[in-house]
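# Results of the structural survey
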Amino acid sequence: MSAPRNDRLGWLGTGRMGTVMSENLLAGGADLTVWNRTAVKTAPLVARGAKAVGTIRELADADVVFVMVSASQDLLDVVTGEGGLLGGAHAPSVVVDCSTVSTEASAEARAACEAAGVAFLAAPISGNPHMVADRMGAIVASGPRDTYDRVLPYLELIAPTVVHAGPAEQSRLVKICHNLMLGMITQALVEVTTLAEKGGVPRDAFVDFLNGSVLGSTFIRHKGRALVAEDYTPTFNNKMLRKDFDLGLGAARELEVPMPVSSMVHQLVQTAIGHGFAEDDYAALFEVEARAAGLRPTS
């Protein structure tokens, strides 16, 4: 795919996911300028044709600025904070935030942008960096429809699936619901895999069976391989998953929705963190289950 517009694009935040998403834009021919707190992390993108700047304010000259940061406060800092996108003489026409943050932080950033005459779109992405690089990601966006229509061609360069969920912060809830389901499915997978293994079934045979059944999916294939190999190289670590469970269960309290399964998995993620797997991929939930079942030494 090629870039369908001639906008000057900015990208703020070039961690693992931000880098892959930016690479997809560059592959489509986008004119891209990038900034990251740790400047050296922009080097791979510069090698692919991006321009790097030393301050966030320099991104404000772009027409559309994409943001990919780790937490709610980070979003507010880079948008409304000292030296942020809205603090200078110029501001972009549109800010597109692809981070997973709270609805409250998103609404605050949206209000600040609108007060400055800047359109704001919340557009979190699903998929780990490898999947996004293979064009298997999905973006859910929310905000004014005309803003969505303007940036849709760029979102489609990043991911093949892009949907509009509503006029305000609905995409934040969709992404959190998605990540709650990731945790719940993973816990179900590690439980049945542990049961089969303790009953004498080779782990790889059980996972192969699941993948060939009606339950097989891209997700089961990826996580199943991780369980077989006991490879917990982080694509999304347990601390990040805990953050999303915190957000999701907070939303459930506000909306008076009972979440018994999510609440249990939340505590199991906390248990994994307590066992030292905070920075490991959430597939390490298998280690907690295996220890509880007596398949691992407890000391």
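Below is a summary of the structure that appears in this document. (Residues numbered from 1 in each chain as written. Predicted model: local features only at pLDDT ≥ 70, side-chain atom pairs only at ≥ 80, totals over all residues. Heavy atoms only, no water.)

Applying the stated rule across the entire model yields 14 salt bridges. Note that Arg-172 and Asp-97 form a salt bridge whose closest N and O atoms lie 2.7 Å from each other. Within this pair, whereas Arg-172 is found in helix H7 (residues 170-198), its partner Asp-97 is found in strand S5 (residues 94-97), the two being separated by 75 residues in sequence. Among the ionic pairs, Arg-203 bridges to Glu-230, the shortest N-O distance being 3.1 Å. Placement of the pair is Arg-203 in helix H8 (residues 203-212) and Glu-230 in the loop between helix H9 (218-229) and helix H10 (238-255), with a sequence separation of 27 residues. With relative accessibility at 37%, the residue Glu-230 sits in the partly exposed group. (Salt bridge = Lys/Arg side-chain N within 4 Å of Asp/Glu carboxyl O. Helix = DSSP H or I, 4+ residues; strand = E, 2+ residues; numbered from the N terminus. Buried < 20%, exposed > 50% of the residue type's maximum accessible area, 1.4 Å probe, protein only.)

Two elements in contact, H7 and H10, have axes whose closest approach is 9 Å; the angle formed by their N-to-C orientations is 120°. One way to sum up the angle between H7 and H10 is to call them oblique. H10 is crossed by H7, and the crossing has left-handed handedness. Where H7 abuts H10, its residues Leu-173, Ile-176, Asn-179, Leu-180, Gly-183 and Met-184 lie against Leu-241, Asp-244, Phe-245, Leu-247, Gly-248, Ala-251 and Leu-255. Among the residues forming the contact of H7 with H10, the class breakdown is nine nonpolar, three polar and one charged. (Axes fitted to C-alpha atoms, helices over the stretch in contact; angles between N-to-C directions. Parallel < 35°, antiparallel > 145°, perpendicular 65-115°, else oblique. Left-handed = near helix turned anticlockwise from the far one by under 90°. Contact = heavy atoms within 4.5 Å. Nonpolar A, V, L, I, M, F, W, Y, C, P; charged D, E, K, R; others polar.)

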